[in-house]
Amino acid sequence: MVGQSREITTGMKIAIAVISLLVATAYFTFLDWGAMKIQGLDYFYMFRK
Amino acid sequence: MATITKQARNKIWAFLALGTFVGLLLLPLFLSLPAGAGDTPAPAASTASAAAAPADAKPVEKSRDVWYKTEGPVVGAPAPKTTDSAKDYPRYNFESRVILWVALQQHLYYGSFVLAVPIFCMIVEYLGVITKDKALSRKYDQLAYDFVKISLTAYSITALLGGIVIFTFLTLYPTFFGYLSSIFRPVMATYALLFIAESGTLYIYYYAWDKMREGFLKWIHVAMSVILNVIGTVLMMLANSWIAFMQSPAGVDADGRYLGNVWHVIHTTLWNPINVHRLLGNMAFGGGVVAAYAAYRFLTAKSDEERSHYDWMGYVAMFIGICFLIPLPFAGYWLMREVYAYRQQMGITLMGGLLAWLFIIQAVMIGALFLTANYYLWQGMDRMRGAERYQKYIKYMVFVLIMCFIVWLTPHTMVMTPAELKAMGGQQHPVLGNYGVMSAKNGAINTIITTTVLSFIIYQRANKIPTVKWAPYGNAFLFGLFTMAYVNIIWLAIYGYYIPANVRVGLSVPQVASTLSCLFIGVILNSIMLKGAKDVGPIVWGQISVRGQYALIMLATSFTWMMGLMGYIRSSVRLFWHVNEIMRDNSPWAFTHTIGFGANMISFNVLFFWLTILFVFWLGSLGVKKVPATAPVGQKVPAPAGSH
Amino acid sequence: MTALKLVEGYMPVQMLIEMGGLALLFIWSFYLLDKKMGIKVNKLAQATGLFLFSIIYFRFRIYPPIPFSVQAIYATMTLIGIFMWVSSTETSWQDFRQPLIAVVDAKTPTTQIIRAVSVVLLPFLVGFLGWNNMKPSIDEPIELRTVHPAPPASTKVHGKTFVLQTASNPYRVDDDGKYSDMVQKKYIDGNPWDEKAPPYMQYVREGGQIFFQNCHFCHGDNLNGRGMFAFAFNPIPANFTDAGTIAQLQETFVFWRVSKGGIGLPREGFPWASVMPPWEQHLTIDEIWKVILFEYWHTGYYPRTWD
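Residues numbered from 1 in each chain as written. Chains lettered and ligands numbered in written order. Predicted model: local features only at pLDDT ≥ 70, side-chain atom pairs only at ≥ 80, totals over all residues.

Novice: Break down the overall build of chain A for me, citing the residues and quoting the values.
Specialist: Of regular secondary structure, chain A possesses one helix and zero strands. Every one of the 49 residues in chain A was classed for burial, and the buried ones make up 14%. (Helix = DSSP H or I, 4+ residues; strand = E, 2+ residues; numbered from the N terminus. Buried ≥ 20, exposed ≤ 12 C-beta atoms within 10 Å, placed from the backbone.)

Novice: Report on the overall build of chain C, specifying residues and quantitative values.
Specialist: Along chain C, the regular secondary structure elements total nine helices and two strands. By the compact-globule yardstick of 19 Å for 307 residues, chain C is too spread out, its C-alpha radius of gyration being 28 Å. Relative to its full complement of 307 residues, chain C shows a buried share of 30%. Across chain C, contacts joining residues at least 24 apart in sequence account for 53% of those joining residues at least 6 apart. (Rg over C-alpha atoms; globule rule 2.2 N^0.38 Å. Contact = placed C-beta atoms within 7 Å.)

Novice: Describe in detail the nonpolar core, supporting the description with residues and values.
Specialist: Residues and elements named next belong to chain B. Core analysis: the largest hydrophobic core is formed by 228 residues, its most contacted members being Phe 120, Phe 147, Ala 291, Leu 552 and Leu 555. It is helix H3 (residues 96-130) that provides the largest number of residues to this core, a total of 18 residues. When near neighbours in sequence (up to four residues on either side) are disregarded, Phe 147 contacts Val 117, Phe 120, Cys 121, Val 124 and Val 290. (Core = buried A, V, L, I, M, F, W, Y, C linked by C-beta atoms within 7 Å.)

Novice: Lay out the pairing of strand S2 (residues 160-163) of chain C with the relevant residues and their values.
Specialist: In terms of strand pairing, strand S1 (residues 154-157) of chain C meets S2 of chain C through four bridges, oriented antiparallel. Bridge pairing in S2 of chain C places Ser 154 of chain C opposite Val 163 of chain C. (Pairing = 2+ DSSP bridges.)

Novice: Mind laying out the interface of chain B and chain C, listing which residues take part and the relevant values?
Specialist: With 56 residues of chain B at the contact, the number on the chain C side is 60 residues. For the side of chain B that touches chain C, the secondary structure elements donating two or more residues are helix H12 (344-351), helix H13 (356-380), helix H15 (394-409), helix H16 (418-424) and helix H19 (501-504) of chain B. If you tally residues by element for the side of chain B that touches chain C, the top one is H15 of chain B, at nine residues.

Novice: Could you give me a rundown of the arrangement of the chains, with the residues and numbers involved?
Specialist: Across the two pairs of chains that are in contact, the largest number of contacts falls between chains B and C. Across all C-alpha pairs, the smallest distance from chain A to chain C is 7 Å, and the two are not in contact.

Novice: Account for the packing of helix H7 (residues 199-219) of chain C against helix H9 (residues 285-299) of chain C, naming residues and giving values.
Specialist: The description of two helices packed together rests on the angle between their axes and the distance between the axes. Residues and elements named next belong to chain C. Between H7 and H9, whose axes approach to 7 Å, the crossing angle comes to 100°. It follows that H7 is roughly perpendicular to H9 by the angle criterion. For the pair formed by H7 and H9, the contact residues are Tyr 203, Val 204, Glu 206, Gly 207, Gly 208, Ile 210, Phe 211 and Cys 215 on the first element and Glu 287, Lys 290, Val 291, Leu 293, Phe 294 and Trp 297 on the second. When the residues that make up the contact of H7 with H9 are grouped by side-chain class, the tally is nine nonpolar, two polar and three charged. (Axes fitted to C-alpha atoms, helices over the stretch in contact; angles between N-to-C directions. Parallel < 35°, antiparallel > 145°, perpendicular 65-115°, else oblique. Nonpolar A, V, L, I, M, F, W, Y, C, P; charged D, E, K, R; others polar.)

Novice: Any details on the environment of Trp 334 of chain B? Residues and values, ideally.
Specialist: All names here are of chain B. If you trace the backbone, Trp 334 turns up in helix H11 (residues 328-342). Residue Trp 334 is classed as partly exposed on the basis of its C-beta count, with 14 C-beta atoms lying within 10 Å. Sequence separation of Trp 334 and His 277 is 57 residues, and the distance between their C-alpha atoms is 8.9 Å.

Novice: Break down the environment of Ala 72 of chain C for me, with residues and values.
Specialist: Looking at the secondary structure, you find Ala 72 of chain C in helix H3 (residues 68-86). Sequence separation between Ala 72 of chain C and Phe 58 of chain C is 14 residues, and the spatial gap between their C-alpha atoms is 9.8 Å.

Novice: I'd like a description of helix H4 (residues 90-105) of chain C, backed by residues and values.
Specialist: In the structure, H4 of chain C departs most strongly from a straight axis at Gln 98 of chain C, where the bend amounts to approximately 35° and where the proline Pro 99 of chain C lies between one and four residues downstream. Looking one or two residues beyond H4 of chain C, the residue adopting positive phi is Ala 106 of chain C, at roughly 50°. (Bend = angle between axes of the 7 residues up to and from the residue.)

Novice: Tell me about the interface of chain A and chain B, and name the residues and values.
Specialist: Opposite the 21 residues of chain A that make contact, chain B presents 24 residues. Per-class residue counts for the side of chain A that touches chain B are 15 nonpolar, four polar and two charged.

Novice: Which residues make up unusual backbone geometry, and what values go with them?
Specialist: Geometrically, the link from Tyr 63 of chain C to Pro 64 of chain C is a cis peptide bond, its omega value of -5° lying close to zero. Note on placement: Pro 64 of chain C falls in the loop between helix H2 (43-61) and H3. Unlike most non-glycine residues, Lys 69 of chain B shows phi in positive territory, near 65°.

Novice: Go over the packing of helix H6 (residues 185-207) of chain B against helix H7 (residues 215-247) of chain B with me, naming the residues and quoting the values.
Specialist: Residues and elements named next belong to chain B. In the contact formed by H6 and H7, the axes pass within 9 Å of each other and the chain directions differ by 155°. By the criterion of interaxial angle, the relationship of H6 to H7 is roughly antiparallel. In terms of crossing hand, the pair formed by H6 and H7 is left-handed. Along the contact surface, H6 presents Val 187, Thr 190, Tyr 191, Leu 194, Phe 195, Ala 197, Glu 198, Thr 201, Leu 202, Ile 204 and Tyr 205, while H7 presents Met 224, Ser 225, Ile 227, Leu 228, Ile 231, Gly 232, Val 234, Leu 235, Leu 238, Ala 239 and Ser 241. (Left-handed = near helix turned anticlockwise from the far one by under 90°.)

This is the structure:
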């Protein structure tokens, strides 16, 4: 199998999972902000005084 | 040499045929334009004459458009003021509105079916043409042919029902019909001509199927299906313009006098949202009906080949139907936004006032649709070895779906006895009241759709092990994407409670964007990952529980019922108006029916439709000799593009 | 079950988390029983247990008690979910069916007894349900009340016409006297009794005075619909702290309801079950706007706007 040419340890798996979670978080935050922006609204409304 | 010249000759003939064809198609348009100007006091003619001879004609009266606010010459009579009399509302000893209701609903069911099925044909025939595998290609082609055959009978029934609708309208609501046709005269003429063009195209498309089987002619045949669908869609849009005008009139002044701009009359504010919503709805409905047909044939099948064929057909139809179901709530949302923008009152009557109870029923139906779709996918995993790896996750998905539905179905205003009201201490429940508002509903439905996407991705992978080098990273990314999408959707739902309404309504856009991200990124990434993946076992078509097939029938019935319900809601929101704020309904039936009566009528219509369509199916099965060449059970048979 | 308190403000989320946790507990306990202790619990028993448990949860855990119609919706959803779960795979479906089939087949003495008993009891059960359903009830009938009927396009108060779509509260103003959506957020923690309070806060204070002179007897001093007269009415007065009342409405909608009261409800607002007086007979236009301003400020909700 091609995929197993390099061993992937449990630690690496966790690292990959955490990184992908971070990437997804960044993506969705950007999406939320952008989707509100194009409507002329402020996504961070509650956090601004 | 000889063969080449023959091919070249064929090509020329094909081009000529196509050219003639297109020319014939455009003919009605050319005909209708001068015709409209010639015999009706149409806009162009009257303004031109008014401009040319202002001296001897009496000055043209100008008036203001109710919606576009533009000035225009008055060319029509004001909307008639009807009275409750035999002149305006001739009647049998029965409620005229209910008769018209049944006629219109049946016409709409068949109409949407015959508009949707050619679109299916187009897609499936195209798939057949581009598929390299000969056997597969023939299978697709046969499927498309079967679709058309069903739709042909349904087409004549549609025309028949259309006639019944017109006669019912003319005999029971002559004054109102007279007014509508005085405004839409050129549109109605175009409609009739297009209908003829549609019939012609459909018959040529069907009967030339065998003659145009090979080579370039096949492409022309495919092109013909495109033209067929273009005509069909235009037909639908023209018919939509009438109902849109009744709901949100434009192009007339406050007295209902036509101002000579036919485009304004067609292009009312709700026209395009209704067009989009109906087109998508027709497709989902058509998919449901064809899937139910396949399920019916599966359940009555005698041999494994038959079962295998109809299982596959049901899957394809269901798949296309669901593809169009997913964007449907967003189209509906757009329509509602436009309704609110047009008249806030109308929006509140729909969503919070008089008709709100019907929307709760609608929510139940949407719930049934998505649950059934998920259930069918899970049952479909029985076809594949290797699916056991994923089946243990089903219970968690069931749980998420049910939780969302509990939120989704919690009514804003609860049905309760006064004693219960006292015990609860008010109309609103301190816990559940929070599930009754839009923020929670949006969160719930987006979670449901995301879960459906997840179900589909799992279905795609059920019998496959990805072998690409980056598979672990891809899996991790999919995991991250879905986890964070869920988190994001729920977070936005909660966040909505803490910010003002004008910011809150905007949150639905990022929520929808999250769902769509999962749909597109998830499915595409998964498909790429599964390229050249290791097969654990083939898809054994026909090896699915009967429960899965009943799910398909349930899906189709839900579609039909929901269509009846939504049509009823859309129509009754005009309350006591024929044309909203222009022409009042003074018949004795200008009241809103009770919910129970409405529901019974819808059920009656659904039952009637299914009985008649069973007849159509039966007619279709009479001509079928045997199931066409199918792959033996256990062999790989195609699934729609994108599913594997 | 109400010993464990629902936390004010977090109740909806808390309920979902609780249900999630319980479901996981349920799944894992059967998993542990099966895998670690070798006790395999039949799917039918699991399903019945889960269903009964959910009924008890909805009936007794959620407080205040929810009406029967909602309980019925929840129970149906749970039942559908349970069905989807047990029939999701063929093995689990066979496991679920097995006891039922065994009873119908009745090959052993035990199943024969169960079958005989069920055959006798089932008609009685059906009979009881029929009787229970038909038996006349002394409860008042259910009324489908339209809580927020569609408002008119405009309303006339003290001879002045207000177009509901465009009118705005003249006291929702920033320090410079211009209309502002943001001013409530700005002063949400402000002190209305401050001598140097901005104009907005002054209006809020005046609105509060009007509220406590006129409205709080019914709508309560916490604006939660629990005033001293509240329970004399049926239905009880609107609870402004609920997310479903003024938080869902435009300020002009509230203005229209306050001015016209119960007798001014439109045709759509059947069964017109409201005893609220038409306040235009007692308050001036300005007083009505101010009291609305106060209600929003006090509850922390923002009026609905359409753009």
